[in-house]
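Listed here are the chains, written in short residue letters.
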Amino acid sequence: MDKVPMLAEGYEKLTADLKALRAERPKIVEAIEEARAHGDLSENAEYHAAKERQGQVEAQIGELEDQISRAQIIDPTTLSGDKIVFGATVTLLDDEDKPVKYQIVGPAEADAKKGRITYSSPLARALIGKTKGDEIEVTVPSGDKFYLVDEVAFV
C-alpha cells in the first residue's frame, strides 16, 4: 500500500469528515427502522433512500479510513533545499512575467482558487524536482503553458 502524503491540515480534515460520517450512522439506522415500520418494503421509498444513504456513508467511511491509515503527514516548515518537492510553495512567472504562486499539497487539501494544487496535477508533476531558474512546459486543457520557476519556499 502506497503512502499518501498530506499536510497536517488535510489529515485533520479527513479525520473530522470520518467522525461526522460515523456520527451519522445511528441516524441512518433509525431512518431504516422507521421506514420498516411503515410496512411493505418493495414500494417504500423512504426505506430504499435510507438504505442507499447507508451504502454511500459506509463506502465513504471505508475510503476515509484507508486514506487515514496510509497518511504520511509532512510539515513543509521542516523541509529545506532548492528543489521543488511536496509541500513546497512555488512562485512562477508566466509568459507575461506575471507571478503566480502555488503550494504542492495532497488531494485532501487541494484548492486551485487558494493556490494549492495536488501533487498528481500536470503542473505539480512538471514542477517536482525543478529548481529556481528552471523553465517548465505544461500541457493543460487550454494548451501548452510555459513558466519560469522564480522562487521555492517551504512555509
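Please read all numbers here as calculations on a predicted model, not as lab measurements.

A.B. asks: Hey, could you run me through the environment of alanine 59 in this one?
C.D. replies: Within the fold, alanine 59 resides in helix H2 (residues 45-69). Accessibility expressed as a relative area gives 47% for alanine 59, which makes it partly exposed. For the pair alanine 59 and leucine 21, spaced 38 residues apart in sequence, the C-alpha to C-alpha distance is 10 Å.

A.B. asks: Please explain the UniProt feature "domain: Transcription elongation factor GreA/GreB C-terminal" (unreviewed entry) in the protein chain as it appears in this structure.
C.D. replies: UniProt marks residues 81-151 with the feature "domain: Transcription elongation factor GreA/GreB C-terminal" (unreviewed entry), using the numbering shown here. Secondary structure over residues 81-151 splits into 8% helix and 42% strand, and the C-alpha atoms at its two ends are 12 Å apart.

A.B. asks: Would you take a moment to explain the environment of valine 4 for this structure?
C.D. replies: Within the secondary structure, valine 4 sits in strand S1 (residues 4-6). Between the C-alpha atom of valine 4 and that of isoleucine 104, which follows or precedes it by 100 residues, the distance is 13 Å. Setting aside residues up to four positions removed in sequence, valine 4 forms contacts with Arg70, Ala71, Gln72 and Tyr119.

A.B. asks: Even after reading the chapter, I still don't get the sheet that holds strand S3 (residues 89-93), so can you show me in this structure?
C.D. replies: Each strand in a sheet pairs with another by means of backbone hydrogen bonds, the pair being arranged parallel or else antiparallel. Ordered in space as S5-S4-S3-S7-S6, the five strands form an open sheet in which the pairing is mixed. Two strands in the sheet have a free side with no partner beyond their single neighbour: strand S5 (116-118) and strand S6 (135-140). Neighbouring strand axes in the sheet, compared pairwise and without regard to direction, differ in orientation by 45 degrees on average. The pairing of S3 with strand S7 (residues 143-153) spans five bridges and is classified as antiparallel. Bridge pairing in S7 links leucine 92 to valine 149.

Thresholds, definitions, all that
Residues numbered from 1 in each chain as written. Predicted model: local features only at pLDDT ≥ 70, side-chain atom pairs only at ≥ 80, totals over all residues. Heavy atoms only, no water. Helix = DSSP H or I, 4+ residues; strand = E, 2+ residues; numbered from the N terminus. Buried < 20%, exposed > 50% of the residue type's maximum accessible area, 1.4 Å probe, protein only. UniProt positions renumbered as here; feature names shortened; annotations may be inferred. Contact = heavy atoms within 4.5 Å. Pairing = 2+ DSSP bridges. Axes fitted to C-alpha atoms, helices over the stretch in contact; angles between N-to-C directions.

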